[in-house]
Amino acid sequence: MCYYTSCNNANGGKTLMAEKKTVFLTGASGHMGWAGFKELYSKKDKLNIVLLLRDSEKNRKKFANYLNDPSVKIVWGDLKKYDDVLKCVEGSDYVLHVGGMVSPSADYYPTKTIQTNTTAAKNIVDAVKAQPNKDDCLSVTVHSSVYPLYSRIFSSFSASVMLQSITNTSPSYKNYFL
């Protein structure tokens, strides 16, 4: 997915500027993902954002204001479906995976949680590996086991680290495991 920013030059024509990076973010409807989305969205002049969201009434309401925003692409789907994940990974420069089942749902449905989270992680890895530019794709994995205890601090920190990495405001790292 190549998006470019353009502006009018002195002659009245369009001048092509820097290519915008594309970020695929999972889990944007959750607490940590929402914090990450807001941070990324604040830099939409430099970034395009791809979201994979469950098709629910709650999510449709939460993201209604972004449906027609050209810097946000929403794919209604499921992390457990490889084709849905692949559709989002294709053309992405970065993959930020914070989606999955966490407490309290995880406490009540441990088998479903394990199946969902492991399948989602496998689909992300397989989709990234299927890309022709797989070595250039930065994959960020945020482990959610510390989520209940540190959610506010961790969400802000994670979003900040993700944004700094993508916008090159800090040293570049190939992979983060938070």
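For the structure itself, look to the data block above.
The residue numbering used here restarts from 1 in each chain and proceeds along that chain's sequence as written. pLDDT decides what is reported in this predicted model: residues at 70 or higher carry local features, side-chain atom pairs at 80 or more are listed and counted, and totals for whole chains, interfaces and linings draw on all residues regardless. In computing side-chain properties, one takes all heavy atoms of the structure into account and sets aside hydrogens as well as water.

Colleague: Break down the overall build of the protein for me, citing the residues and quoting the values.
Modeller: Assigned secondary structure in the protein consists of six helices and seven strands. By residue count, 41% of the 178 residues in the protein fall in the buried class. Here the analysis covers contacts within the protein between residues at least 6 apart in sequence; of these, 66% occur between residues at least 24 apart. By element, 53% of the accessible surface of the protein is carried by carbon and sulfur atoms, the whole surface being about 10,100 Å². The secondary structure listing takes helices from DSSP runs of H or I that are at least 4 residues long and strands from runs of E that are at least 2 residues long, numbered from the N terminus. Under the scheme applied here, a residue whose accessible area is under 20% of the maximum for its type counts as buried, over 50% as exposed, and between as partly exposed, the area being computed with a 1.4 Å probe on protein chains only. Throughout, a contact is declared for two residues whenever any of their heavy atoms are within 4.5 Å. In short, Shrake-Rupley with a 1.4 Å probe defines the accessible areas, and a residue's cover is counted only from the protein chains shown.

Colleague: Which residues make up the packing of aromatic side chains, and what values do they have?
Modeller: Ring pairs shown here join Phe, Tyr and Trp side chains whose ring centres sit within 6.5 Å, with only the six-membered ring taken for Trp; geometry is labelled stacked below 30 degrees between planes, edge-to-face above 60, and tilted in between. Evaluation of the coordinates by the stated rule reveals eight aromatic pairs. Geometrically, the ring pair formed by Trp-34 and Tyr-66 is edge-to-face, given 6.4 Å between the ring centres and 70 degrees between the ring planes. Here Trp-34, found in helix H1 (residues 31-41), pairs with Tyr-66, found in the loop between helix H2 (57-62) and strand S4 (72-76); they are 32 residues apart in sequence, far enough to count as distant. Aromatic side chains Phe-37 and Tyr-66 sit 4.9 Å apart centroid to centroid with 90 degrees between the ring planes, which places their arrangement in the edge-to-face category. Taken together, the positions of Phe-37 in helix H1 and Tyr-66 in the loop between H2 and S4 put the pair 29 residues apart, joining distant regions of the chain. For Phe-37, a relative accessible area of 0% puts it in the buried group. Through pairs of rings, three or more aromatic residues link up here, namely Trp-34, Phe-37, Tyr-41, Phe-63 and Tyr-66.

Colleague: Before we move on, could you go through the pattern of salt bridges and cite the residues and values that matter?
Modeller: Here a salt bridge means any side-chain nitrogen of Lys or Arg lying within 4 Å of a carboxyl oxygen belonging to Asp or Glu. Scanning the entire structure with this criterion turns up four salt bridges. The partner of Lys-44 in a salt bridge is Asp-69, and the shortest N-O contact between them spans 3.0 Å. A residue pair is termed long-range when its members are at least 10 positions apart, and Lys-44 in the loop between H1 and strand S3 (47-53) and Asp-69 in the loop between H2 and S4 qualify at 25 residues. Between Glu-57 and Lys-61 there is a salt bridge, with its nearest N and O atoms 3.2 Å apart.

Colleague: Break down the environment of Asn-117 for me, citing the residues and quoting the values.
Modeller: The residue Asn-117 is located in helix H5 (residues 110-129) in this model. Setting aside its immediate chain neighbours within four residues, Asn-117 contacts Gly-100 and Met-101. Polar side-chain contacts of Asn-117 include one of 2.8 Å to the backbone nitrogen of Met-101. Contacts described as polar in this section are N or O atom pairs within 3.5 Å, which, within protein, must combine one atom able to donate a hydrogen with one able to accept it, while residues neighboring in sequence count only if both atoms come from side chains.

Colleague: Describe the environment of Thr-119, and please don't skip the residues or the numbers.
Modeller: Tracing the backbone through its elements, the reader meets Thr-119 in helix H5. Thr-119 gets classed as partly exposed once you look at its relative accessible area, which sits at 25%. Taking the C-alpha atoms as reference points, Thr-119 and Leu-79, separated by 40 residues in sequence, lie 7.6 Å from one another. Apart from residues no more than four positions distant in its own chain, Thr-119 is found in contact with Leu-79, Lys-80 and Ile-114. At 2.7 Å, the side chain of Thr-119 forms a polar contact with the backbone oxygen of Gln-115.

Colleague: How would you sum up the packing of helix H3 (residues 82-89) against H5? Please name residues and give values.
Modeller: A packed helix pair is summarised by two numbers, namely the angle formed by the two axes and the spacing between the axes. All axes here are fitted lines through C-alpha atoms, helices being fitted over the stretch that makes contact, and every angle between N-to-C directions spans 0 to 180 degrees. One can describe the packing of H3 onto H5 by two numbers: an axis separation of 9 Å at closest approach and a directional angle of 50 degrees. Between H3 and H5, the angle falls in the class oblique. Considering only the axes of H3 and H5, their crossing is right-handed. Contacts between H3 and H5 involve Tyr-82, Val-85, Leu-86 and Val-89 from the former and Asn-123, Ile-124, Asp-126, Ala-127 and Val-128 from the latter. Small angles under 35 degrees read as roughly parallel and large ones over 145 as roughly antiparallel, with 65 to 115 read as roughly perpendicular and the rest as oblique. For any pair of crossing helices, the crossing counts as left-handed if the nearer helix is rotated counterclockwise from the farther one by less than a right angle, and right-handed if it is rotated clockwise.

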